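Okay, here's what each chain looks like letter by letter:
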Amino acid sequence: MRRLLSIVLLNCGAGLMVLGGIGDLLLASPPELWSHPLGQPVGSLPPAVARLLMCLLHALGGALVASGIATLFLINGPLQRGEGSAAVAITLIVVLSDGVNAFQIYPFGTSYFWIPLTFVGFVLLGLMVAFLPPAVFPAARKDAGTILDSKD
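A brief structural summary. None of the values given here were measured: they were computed from a predicted structure.

Focus on the side chain of D24
- Following the sequence through the fold, D24 ends up in helix α1 (residues 2-26).
- The side chain of D24 is buried and forms no salt bridge, while R51, the nearest opposite charge, is found at 19 Å.
- Not counting chain neighbours up to four residues away, the residues in contact with D24 comprise L57, H58, L60, G61 and L64.

Things to note about the packing of α1 against helix α5 (residues 114-131)
- Contact geometry of α1 with α5 gives a least axis separation of 8 Å together with a crossing angle of 160 degrees. Between α1 and α5, the interaxial angle falls into the category roughly antiparallel. The handedness of the crossing between α1 and α5 comes out as left-handed. Along the contact surface, α1 presents R2, L5, S6, L9, L10, G13, A14, L16, M17 and G20, while α5 presents F119, F122, V123, L125, G126, L127, V129, A130 and F131.
- In the contact of α1 with α5, the residues fall into 14 nonpolar, 4 polar and 1 charged.

Quick look at a nonpolar patch on the surface
- On the surface, a cluster of nonpolar side chains totalling about 390 Å² of accessible area is made up of L19, I22, L25 and L26.
- Assignment of secondary structure puts I22 in helix α1.

A short note on the packing of α1 against helix α3 (residues 47-79)
- Contact geometry for α1 and α3: axes closest at 7 Å, N-to-C directions at 160 degrees. Taken together, α1 and α3 sit at an angle that is classed as roughly antiparallel. Of the two elements, α1 crosses α3, and the hand of that crossing is left-handed.

What counts as what
- Residues numbered from 1 in each chain as written.
- Predicted model: local features only at pLDDT ≥ 70, side-chain atom pairs only at ≥ 80, totals over all residues.
- Heavy atoms only, no water.
- Helix = DSSP H or I, 4+ residues; strand = E, 2+ residues; numbered from the N terminus.
- Buried < 20%, exposed > 50% of the residue type's maximum accessible area, 1.4 Å probe, protein only.
- Lys, Arg positive; Asp, Glu negative; His and termini not counted.
- Salt bridge = Lys/Arg side-chain N within 4 Å of Asp/Glu carboxyl O.
- Contact = heavy atoms within 4.5 Å.
- Axes fitted to C-alpha atoms, helices over the stretch in contact; angles between N-to-C directions.
- Parallel < 35°, antiparallel > 145°, perpendicular 65-115°, else oblique.
- Left-handed = near helix turned anticlockwise from the far one by under 90°.
- Nonpolar A, V, L, I, M, F, W, Y, C, P; charged D, E, K, R; others polar.
- Patch = residues over 30% accessible without salt bridge, like charges linked within 9 Å, V, L, I, M, F, W, Y side chains within 5 Å.
- Areas by Shrake-Rupley, 256 points an atom, 1.4 Å probe, with all protein chains shown as cover.

Right, dumping it as structure tokens:
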């Protein structure tokens with residue numbers, strides 16, 4: 001049960017990272033939500049500025065898709081084979097991609113910073129469930145190094 005919970009949390013978080021990046025890639029123009037932080041309606045932005053903002057957002061979206069896919073590969077490959085170093089790589093990828101994304105959205109003054117932070121939270125919670133000591137989950141085998149090594 002613990003293994004399943006961990007894998008579900010990890011894959012959901014990484015999958016949502018990919019979907020969030022795709023969402024950024026699908027935007028065709030700056031969202032109206034950016035009007036207040038920009039100090040003017042996004043419809044009145046000079047075309048070159050609007051293009052620049054969209055290029056930067058699309059670059060971010062592509063990077064988020066790539067980091068989400070890399071995380072999925074690490075979760076379903078090395079981590080499930082019990083390689084603990086995969087957890088370190090997953091943590092670094094997720095925190096440095098969607099974590100930094102969230103903390104850059106926050107000072108921008110928009111309220112949706114919590115969305116990428118939730119994706120990070122799913123992945124980190126999945127890793128915590130995977131690597132908590134068995135004493136936290138008494139039904140787990142005492143000799144298992146991680147739940148990813150066991151089949152329960």
